[in-house]
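Examining the three-dimensional arrangement
Each chain, written out:
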Amino acid sequence: MLHLFNVKSPHSHPQLSPIPSNSPYKQLSGRLLTRNEIPLDENELQQLIQHEYVYKLPSITSNRCGRCGADESHLFGHFPHCVCGCSCCYCRNCVMMGRVTECESLYIFSSCTAFKKHEAPCNWEGNLTIGQQNAAERIISSIKRKEELLVWAVCGAGKTEMLFPGITYALRQGLRICIATPRTDVVRELLPRLQSAFADVDIQGLYGDSEEKLGSAQLLIATTHQLYRYTHAFDVVIIDEIDAFPFHNDKSLKWAASRAAKKASAQIYLTATPRKEEKKRIRKKQLSAVFIPSRFHGHPLPVPKLKLTPTLRSRLSKGALPSSILSHISNQRKGKRQLLLFASTIQSAENIASLLSLHYSVKSVHAEDPERADKINSFRNLEIDILVTTTILERGVTFPSVDVFVIDAGHQVFDEAALVQISGRAGRSPDDPDGRVIFFHIGKTEAMLEAQAAIEKMNLKAKKQ
Amino acid sequence: MRCIICFSPVLPSVDWTTFLTLQKPVKVCLQCSDKLSGIEEPGCPQCGRADGAEVCYDCERWERSEYAGVLTKNVAVFSYNEFAKELVARWKYRGDFTLIEAFTEAAQKKYKNHFHSMEADLAAIPLSKERLWERGFNQSEALITQLGASPLSFFKRKGSEKQSKKGRMERIGGENPFELIGKPERPVILVDDIYTTGMTVRHLGRLLCEAGCPEVYSFTLFR
Ligand SMILES: [Zn+2]
Ligand SMILES: [Zn+2]
Ligand SMILES: [Zn+2]
């Protein structure tokens, strides 16, 4: 257990009595909450504590936050707390989820409830590809054996559908399942798809400002941050995009993810671009993995071409582009596809967009852009031809027919994972499966070569299958 | 050192000038301090709004209303941009008290520039009891403490506060939610986190003026 996330084992708490499945308190099972998050009056709560359905634990002990596991001194602050009258310690790491304060307790709700056993929960009628089928079987067996499994599926493999058989199996057994993802957009996108595939199952989507607040469902789709509020709750935890921000470099989120799973549980990780750490564990056979090297439409991944443009940075610094890139763009515009241009910084994205706007219909977008969603939509609706973006569009978004250019691909923001993800934006549709991907650079970097090699390797694997 | 805002490591620049002048430790990293935009002067001489040196439209309207003359001027430290909104939400509503340290140095400087030689009392804006218990601290008192002064309580809240839920016009027409409980003898500087419409400080300013306060100023972190 917890092989993948090399984190200290989360604290254990005394054995609690299972909340009966007909109890109204069942909806709080597996939660770890602050007092003001609990929708019960003091009397009710005290009774639950007496019956050992609820365990009360100190919120901050020996410089560690009981909710998020933060233990570095800069993650704690003090404030003059008018409630306790002291200079009170609180956790700054998880403060955006509501403040955890040393003078208040945390409450753990017993998790050992039986959920409904569904006979035939899945009404999805599509077919899985051979690759998806293979992964689906591995997922089922890891749920049966309560093991870890890493699913390494290329961009566009159709990873949601290949989860369906495993979810179906778990629902038949009356297990509780959580699909967690680092990004809110993904929760919003997955929820309706799962609701239509599992129409009779209690499914909730939980994220920072979701309408749903309770998070009591048998099948929960949540951001990884929401896992701070669960403990030993799920029989199956599926974490999507384990290599994505903010999950991949946040040990506190990993800690919370492993605590949210029951002691005996299946943990399934999905990624298109595992980090070095995970790859090493796969090689050493410390982590079982299954590959899905081909896309659902069966065509190979577009392999990026590397183009040397020595004057790139000096032109960029003047808000301009080398003429060779401009002519690539003008040639690209003669074709039918739209163009997705990746830039290394917000400034350079804006500069490039304003330069190109003299000749093309173009917009730029970045993470803090208030019009981000609108701009992405207008690109999707073919209202603009070129979208210049920072790395925020490296994953998740799918446009049916684009070519992808990366300007200054040697910049440090473009690591191997980012470049593989970016290349994965091209050729997504079965109607147009081969978009062009070009990395413009001032000198090859390891990241570029590794990304190229990784993509070629996957294509080779796909061929053999 | 870690950046107070984003926790990324802030490397102390060790060269001879910093070594000799014994600079204070840097609390905010470059990326974060770039996003916090200090209010350029001269702005509106009355409220500190940063887009022009003339009295702005809002203030002109105030001076034509029944609140004319109750507030001599507002001084603000930063403009209330998107980043500032995020920080205020995290500081005040989520309760990340420590963030105040990111503003302290600039606030002290600005305060000194404008009120240096003034003999004045610093007054905190009261919160309702429920609100105070929810947040755990009063942001306006916290600010006054950071300025090195001790907050005086001149006011009390009458009912509950639901100000932010109402529109601007409603608020301007609204009844004064405060009452005076102290006696102002010298000029008073009202200290708050944000100056948005200016209603709150004028409600309080009017009470002070009616009680004979010689002059009322306000000092806010954001405008
Ligand atoms: Zn915490
Ligand atoms: Zn306290
Ligand atoms: Zn910072």
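Residues numbered from 1 in each chain as written. Chains lettered and ligands numbered in written order. Predicted model: local features only at pLDDT ≥ 70, side-chain atom pairs only at ≥ 80, totals over all residues. Heavy atoms only, no water.

Within the structure shown, the criterion is met by 22 aromatic pairs over all chains. On the numbers, 4.8 Å between centres and 85 degrees between planes, the contact of F379(A) with F399(A) is edge-to-face. Within this pair, whereas F379(A) is found in helix α10 (residues 372–380), its partner F399(A) is found in the loop between β18 (386–389) and β19 (402–407), the two being separated by 20 residues in sequence. Classification of F399(A) as buried rests on a relative accessible area of 1%. Ring centres of W91(B) and F137(B) lie 6.2 Å apart, and the angle between their planes is 45 degrees; on these two criteria the pair is classed as tilted. One end of the pair, W91(B), is in helix α4 (residues 82–93); the other, F137(B), is in the loop between α6 (129–135) and α7 (139–146), and 46 residues separate them in sequence. Pair check on accessibility: W91(B) and F137(B) agree, each one buried. (Phe/Tyr/Trp six-rings, centres within 6.5 Å; stacked < 30°, edge-to-face > 60°. Helix = DSSP H or I, 4+ residues; strand = E, 2+ residues; numbered from the N terminus. Buried < 20%, exposed > 50% of the residue type's maximum accessible area, 1.4 Å probe, protein only.)

The next thing to look at is the domain arrangement of chain B. All names here are of chain B. Structurally, chain B comprises domain 1 (1–35) and domain 2 (43–222). Taken together, the contact between domain 1 and domain 2 spans eight residues of the former and nine residues of the latter. For the domain 1 face of the interface with domain 2, the top three residues by lost area are I4, I5 and K35, together amounting to 65%. Here domain 1 and domain 2 share one salt bridge between them. With a shortest N-O distance of 2.8 Å, E101 and K27 are connected by a salt bridge. Counting across the domain 1 and domain 2 interface gives three residue pairs in polar contact (both at pLDDT 80 or more). Among the residues forming the side of domain 1 that touches domain 2, the class breakdown is five nonpolar, no polar and three charged. (Domains from an automatic or database assignment. Contact = heavy atoms within 4.5 Å. Buried area = accessible area lost by both parts, 1.4 Å probe. Salt bridge = Lys/Arg side-chain N within 4 Å of Asp/Glu carboxyl O. Polar contact = N/O pair within 3.5 Å; in protein donor to acceptor, adjacent residues only side chain to side chain. Nonpolar A, V, L, I, M, F, W, Y, C, P; charged D, E, K, R; others polar.)

Residues and elements named next belong to chain B. With respect to the helices and strands, the residue R131 is situated in helix α6. Exposure remark for R131: the relative accessible area of 24% places this residue in the partly exposed category. Residues R131 and Y93, spaced 38 residues apart in sequence, show a C-alpha to C-alpha distance of 10.0 Å.

The next point concerns the coordination of the zinc ion (ligand 3). The protein atoms that coordinate the zinc ion (ligand 3) are C3(B) (SG), C6(B) (SG), C29(B) (SG) and C32(B) (SG), at distances spanning 2.2 to 2.3 Å. Given four donor atoms and angles of 102 to 119 degrees at the metal, the environment of the zinc ion (ligand 3) is assigned as tetrahedral. (Donors = N, O, S within 2.8 Å, 3.2 Å for Na, K, Ca; no water. Tetrahedral: all angles 85-135°; square planar, octahedral: opposite > 155°, others 65-115°.)

Residue and element names in this part refer to chain A. Inspection of the secondary structure puts T181 in strand β9 (residues 177–181). What makes T181 buried here is its relative accessible area of 0%. Within polar-contact distance, the side chain of T181 engages the backbone nitrogen of R183 at 3.1 Å. If near-sequence neighbours (up to four positions away) are discounted, T181 is found in contact with V186, V187, A222, T223, T224 and D240.

Two modes of strand pairing occur in sheets, parallel and antiparallel, and in both the strands are linked by backbone hydrogen bonds. Residues and elements named next belong to chain A. The sheet built from three strands is open, its strands ordered β1-β7-β2 with antiparallel pairing. On the outer flanks of this sheet lie β1 (32–34) and β2 (54–58), each paired with one strand and no other. Between one strand axis and the next, the sheet turns by 30 degrees as a mean value, whatever way the strands run. Pairing of β1 with strand β7 (residues 105–109) involves three bridges; the strand directions are antiparallel. Within β7, the residue paired with L32 across the bridge is I108. (Pairing = 2+ DSSP bridges. Axes fitted to C-alpha atoms, helices over the stretch in contact; angles between N-to-C directions.)

Further remarks concern the interface of chain B and chain A. The partner chain A presents 17 residues to the 17 residues of chain B that form the contact. Counting the contacts that link chain B with chain A gives two salt bridges. Close ionic contact of D96(B) with R92(A) constitutes a salt bridge, the shortest N to O distance being 2.7 Å. On the surface where chain B and chain A come into contact, there are nine residue pairs in polar contact (both at pLDDT 80 or more). The element that contributes the greatest number of residues to the side of chain B that touches chain A is α6(B), accounting for four residues. Of the residues in the side of chain B that touches chain A, the class split is seven nonpolar, three polar and seven charged.

This next bit is on the sheet that holds strand β16 (residues 338–342) of chain A. Residue and element names in this part refer to chain A. One open sheet holds the six strands; their spatial order is β15-β20-β19-β16-β18-β17, and the pairing between them is parallel. Strands at the two margins of the open sheet, each flanked by one partner only, are β15 (305–308) and β17 (362–365). Between one strand axis and the next, the sheet turns by 20 degrees as a mean value, whatever way the strands run. By the bridge criterion, four bridges tie β19 to strand β20 (residues 437–441) in an arrangement that is parallel. Residue pairing for β20: V404 is matched across the bridge by V437. Strands β16, β17, β18 and β19 of the sheet are contacted by helix α9 (residues 346–356), whose axis makes an angle of about 175 degrees with β17.

With that settled, consider the packing of helix α11 (residues 416–423) of chain A against helix α12 (residues 446–464) of chain A. Residues and elements named next belong to chain A. Across the interface, α11 lies against α12 with an axial gap of 8 Å and an inter-helix angle of 50 degrees. When the interaxial angle is binned, α11 and α12 end up oblique. The handedness of the crossing between α11 and α12 comes out as right-handed. From α11, E416, L419, V420 and S423 reach across to α12, where they touch A447, M448, E450, A451, A454 and I455. A per-class count over the contact of α11 with α12 returns seven nonpolar, one polar and two charged. (Parallel < 35°, antiparallel > 145°, perpendicular 65-115°, else oblique. Left-handed = near helix turned anticlockwise from the far one by under 90°.)

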